[in-house]
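Descriptive structure summary
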Amino acid sequence: MNNAVSQAAMVSMAATPTSGGANKPLLEALQEENQTLTRSAMADLPPSGGATYVGYAQVISDLTVIPTVSTELVGKASLEVGFGGTGSMTGTIDDFDDNGTEYGGSLAVSAGTISAGANGPQVRGKVAGTLTNAGASYDVDGNITGGFFGPGGEY
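In this report, we go over the structure that sits alongside the text. Remember, predicted model here, so these are calculated numbers, not experimental data. The numbering scheme is per chain: residues are counted from 1 as the chain's sequence reads. Selection of residues for local features in this predicted model requires a pLDDT of at least 70, selection of side-chain atom pairs for listing and counting requires 80 or more, and totals for whole chains, interfaces and linings are taken over all residues. Hydrogens and water molecules were not included; the side-chain quantities draw on all heavy atoms of the structure.

1. Examining the pairing of strand β5 (residues 101-117)
Summarising the sheet, strand β4 (residues 88-98) and β5 pair through 7 bridges and their orientation is antiparallel. Each residue of the ladder has a partner; that of D97, found in β5, is E102. At least two DSSP bridges between two strands are required for those strands to pair. In this description a helix means any DSSP run of H or I spanning at least four residues, a strand means any run of E spanning at least two, and both kinds are numbered starting from the N terminus. Linkage of β4 to β5, two consecutive antiparallel strands, is achieved through a turn of 2 residues, within which N99 is found at a positive phi near 50 degrees. Sheet analysis places β5 next to strand β6 (residues 120-133), joined by 12 bridges and oriented antiparallel. Considered in β6, the bridge of A108 is made with A128.

2. Here we look at the packing of aromatic side chains
Two rings from Phe, Tyr or Trp (for Trp, the six-membered ring) form a pair when their centres are within 6.5 Å of each other. A pair whose planes differ by under 30 degrees is stacked, one over 60 is edge-to-face, and the rest are tilted. Here the structure, examined in full by the defined rule, presents 3 aromatic pairs. Note on F83 and F148: the rings are 5.9 Å apart at their centroids and 50 degrees apart in plane angle, and the pair reads as tilted. Of this pair, F83 sits in the loop between β3 (72-82) and β4 while F148 is found in the segment after β7 (136-147), placing the two residues 65 residues apart along the sequence. For F83, a relative accessible area of 9% corresponds to the buried category. Measuring from ring centre to ring centre gives 6.5 Å for Y103 and Y138, while their planes differ by 50 degrees; the resulting arrangement is tilted. Residue Y103 is located in strand β5, and its partner Y138 is located in strand β7; the two are separated by 35 residues in the primary sequence. Here's how the labels work: a residue is buried when its accessible area is under 20% of the maximum for its type, exposed when over 50%, partly exposed in between, all with a 1.4 Å probe on protein chains only. For Y103, a relative accessible area of 7% gives the class buried. Taking relative accessible area as the criterion, Y138 reaches 14% and is therefore assigned buried. Linked through ring pairs, Y53, F83 and F148 together constitute an aromatic cluster.

As far as function goes, none of this settles anything; it's purely spatial.
Pasting the structure below:
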């Protein structure tokens, strides 16, 4: 199942990644389009099973970690979310760019859990890996956060 997640924080997702080019304008257009979606209630998430969310992820970095133009890298993400128990989330984020400047490497998503947040259920996990640009390497070790939208958390 392909779904879209719209969260204007660490992770922002959209349903149809494209190849090459600048990802941020596509992510922003999909965020705008998805602003009308209602946040899922914790009770509306499936009690078991899982879903694959494929789309974009926005990584916000301190300039001392990754000296980007905008402090925001946008990459293509594939996340597997499990709904049973405390939930789970694993996956990868790669094909990053900063307003068209490409970055190599990928980030692994792990140790995800689902919990109730102030605005509805949230999925949180760890993200780590190395990104490269113009001969430089940047080690990323941080957190990833997202939300669920629509009936049953399908977005």
